[in-house]
Amino acid sequence: MRCLLFIGVFSGLWGTLAVAHAASPEVNGYVSSRTSFTRAKVTGLLPTEDLPQWTELLELNAQLKVPYGSKGSFVYADVSAILQGGIDAHGLDAEGQEVSLNARDFKITQPAVSINELYLLHEYAPWLNFLIGKKRLTWGSGFSYNPTDLLNVRKDPTDPTFQRAGAWMTRVEVPLEKYTLTAVFAPSVLKQVAGLPYQYVLWPDWDKQDDQAHYQAVLRFYALVADADLNLMLFFGNRYNDAFESKFRYGLSFSRNFFTDYEVHLEALFHTGTARDYVDASCVSSGLAALGCAQEQRSPLEKRHLNSSEIYSKVLVGMRRQFADESMLSIEYLFQQDGYNAEQYQTLVNGLDLLRQARREGLPVNRIPGASAFLGGTSQDGNPARFSFEPQRRHYLFATFQKPRIKNDFTAQLVLIANLEDLSTLWSPSVQWSATEWLTLSLLGFLPAPGLNAFGAKTATPGEFITEYANVPFRFRAMFEARLFY
Amino acid sequence: MKKVIHLLTLLALPALAAEPTVNQLLAKYDSIMGPLSFEAQTQMTATREDGTSRTYVMKMLKKDNDKFRIYFAEPSSVKGQEVLRNGDNLWVYIPNLKRSTRIANRDSFQGGDFNNADVLRVNYQIDYHGTLIPSDSEDTYCVELKAKNPDTAYDSIKLYIRKSDLMPVKGQYFGTSGQMIRSAAFSDYQEFEKGYTRPAKVVMQNEQVKARKTELITKSITLKVDVPVQRFTQSDLGK
């Protein structure tokens, strides 16, 4: 079935493009192999049973652009076929000893198609164009993280260039010399198989999870004023990637160069209420309390501020500078008002600690209401993420330093993500070698550092300190990537 | 004696009258190297310290004095990348990022020895004050240019212009310290359109790392193209 889908998608793309009245089709893409080793942290709060230590990901990417009609109209596709597999997951046995779980059937061995972008853009006139399909739109000025990005698959801040997948939408845009007005309607993809969507907006009758329409609508006004990029965004969404219903949200972004070489930017999102899950402390105070909640079929997670009238903000400010030797430094600070405070983070850790105890006791953790939400989830859409950034606290720092040509075609980069409350950090050094004009080899590392115990939460037993980046299911990760462009 | 002097003065007048002013020289340079609107196919080859090189194929679009757009076509690893100038603003669109970010005028252009302003901001009349100074050759004028604002590529430039046809011959480019950073050699003068001749080849030599140089070749150029102003907006990048 999946093979047929692969063949169907690619032959469909080629067919569409062949039928189109092509002026001069452009084709390019790449073949990529990523081999990674992740040293599992089996004693941590998060389960590692589904985390193979060795993974291999093969990606065949094709990007096709076929202009037609007037000069500005075209059909575009950016599609990846992905095959990945993993071996050697580790966990704990009944005696608490680390064991290999080779016999497990890992879900990630399934092939998938990632339709990163697939759209038709028709330009009626230079000042009016219409787009339908899937496209990654990023209006915000943030480099590592975009608070106003409510549409796209989340990107990996340790490698913002990795995630290419956008959102399905229709878009009308009126571009003028200094201003642009954009209207977008993005329906939620509710059902898909192997990355191929087949149900939008409403749940199908055979799996009616609710009767609501799931969508996000956006109006965006862009202005180039005083040599600055200014975006004002108005969102109205209903159950689009979160639990908000009929919700207005307001976004803005700003970017400008100061003192010729310093790019300074700000990006912010404002809304009333928050869709964040908070842990019910009464459900996680002890094992008995958790059992009580489970018996009542009461989830320990609640969206207690969903309909709050309080205004919540998510603000990112940053600067970027390229130096004379072409090295680049980017520093950004993120504030998210709905992040957990110390007490709320402690209750989250309490819940995770209870789940860990339940797993060790051999209890069916997956059947506990809310357990999967506790452990977080990953999007089914887009490329498989190297690192999933879901900030839990309120204050973060991102820093990226990149130095090209440390020797010939070698580029070195260091990315740091820091939780400024518990001072835990994630370091991601990498070296990239552009061996030829068509081959790039990269070696990347991911190294979490626990920060200061005094600022972390503490588990009940055995009384270990937990900080955000100490609470990842691996001790370190190393990855080698070969990308061949064509 | 007076009659002789008078006669000599009369003889010298046509020559003096033919001597172009600095503004005329700069206007001519700008019209050659940065015509008001054009579409060009170009190729840039950057030679690095180790002797290896990288070649890029680009399409360039220019409109008015302050709108410029570049589309990279080769190699495959940068295909789809775009650079845009609108006024004093520069952006680069990276296909893998699926978005544009701002860049500065003095940043290196695609890692070569040109910087962004060298390619995207060829309007010396607007950006520099010029003074005629003695040239190192009888066949050339030498114009010394001083930057009017910090958005320019260099703090000063010495531009050598051939007397016979006012074509640029060489340039020397200086940083804030007064040290020569780059030097350029203009050659392969070709008439791309009737009445429009320009050097098809510019070699920019890195004067700080002598093994490095970058060659920019104009393959074809069409003047007075009618491009909508929307092609020079940030919203159009990557479209």
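Residues numbered from 1 in each chain as written. Chains lettered and ligands numbered in written order. Predicted model: local features only at pLDDT ≥ 70, side-chain atom pairs only at ≥ 80, totals over all residues. Heavy atoms only, no water.

1. Concerning helix H2 (residues 22–33) of chain B
Residue and element names in this part refer to chain B. Put simply, the rule is: To qualify as a helix, a DSSP run of H or I must reach at least 4 residues; to qualify as a strand, a run of E must reach at least 2; elements of each kind are numbered from the N terminus. Expected span, for any helix, means 1.5 Å times one less than how many residues it has. Between buried and exposed lies partly exposed: a residue is buried under 20% and exposed over 50% of the maximum accessible area for its type, with that area taken using a 1.4 Å probe on protein chains only. Note that the arc is computed from the directions linking the helix axis to the C-beta atoms.
Here H2 contains twelve residues, and its C-alpha end-to-end distance of 16 Å stays within 8% of the 16 Å for a straight helix at 1.5 Å per residue. Those residues of H2 that sit buried are Val-22, Leu-25, Leu-26, Tyr-29, Asp-30, Ile-32 and Met-33. All buried residues of H2 project into a common sector of 165° when viewed along the axis, lining one side.

2. Notes on the side chain of B:Arg121
Residue and element names in this part refer to chain B. We apply this condition: The term polar contact refers here to a pair of N or O atoms within 3.5 Å; inside protein, the definition further demands a hydrogen-donor-capable atom paired with an acceptor-capable atom, and it admits residues adjacent in sequence only when both atoms are side-chain atoms. Contacts are assigned to residue pairs that have any heavy atoms within 4.5 Å of one another.
Along the chain, Arg-121 turns up in the loop between helix H3 (116–120) and helix H4 (124–127). Side chain to side chain, Arg-121 and Asp-88 meet in a polar contact 3.0 Å long. Leaving out residues up to four positions away in the same chain, Arg-121 has contacts with Arg-85, Gly-87, Asp-88, Asn-105, Asn-116, Asp-127, Asn-149 and Asp-151.

3. Let's talk about the environment of B:Val227
With respect to the helices and strands, B:Val227 occurs in the segment after strand E13 (213–223). For B:Val227, the contacting residues outside a window of four places in its chain are B:Leu61, B:Lys63 and B:Phe232.

4. Overview of unusual backbone geometry
The amide bond that connects B:Glu74 to the next residue, B:Pro75, takes the cis arrangement and shows omega of 0°. Note that B:Pro75 resides in the loop between strand E3 (67–74) and strand E4 (82–86). Phi is positive for A:Arg239, which is not a glycine, with a value near 50°. Relative to the assigned elements, A:Arg239 resides in the loop between strand E12 (228–238) and strand E13 (247–258). Assessed through its relative accessible area of 29%, A:Arg239 is described here as partly exposed.

5. Quick word on the interface of chain A and chain B
Stated precisely, the cut-off is as follows: Using a 1.4 Å probe, buried area is obtained as the accessible area two parts lose upon being combined, added over both of them. Every case where a carboxyl oxygen of Asp or Glu lies within 4 Å of a side-chain nitrogen of Lys or Arg is listed as a salt bridge. Residue type decides the class: Asp, Glu, Lys and Arg count as charged, Ala, Val, Leu, Ile, Met, Phe, Trp, Tyr, Cys and Pro as nonpolar, and the leftover types, Gly among them, as polar.
The interface of chain A with chain B comprises 59 residues on the first partner and 37 residues on the second. Taken over both partners, the interface formed by chain A and chain B buries close to 3,900 Å², and the fraction arising from carbon and sulfur atoms is 43%. The interface formed by chain A and chain B contains nine salt bridges. The salt bridge partner of B:Arg212 is A:Glu326, with a shortest N-O separation of 4.0 Å. Sort the elements by how many residues they give to the side of chain A that touches chain B and strand E5 (residues 112–125) of chain A lands first, with four residues. Classifying every residue of the side of chain A that touches chain B gives 17 nonpolar, 18 polar and 24 charged.

6. Some words on the pairing of strand E8 (residues 140–147) of chain B
All names here are of chain B. In plain terms, the rule: A pair of strands is labelled paired if DSSP reports no fewer than 2 bridges between them.
Sheet analysis places strand E7 (residues 128–133) next to E8, joined by six bridges and oriented antiparallel. Note on E8: the bridge partner recorded for Thr-131 is Glu-144. Counting the residues in the hairpin turn of E7 and E8 gives six residues. Pairing of E8 with strand E9 (residues 156–162) involves seven bridges; the strand directions are antiparallel. Each residue of the ladder has a partner; that of Cys-142, found in E9, is Tyr-160.

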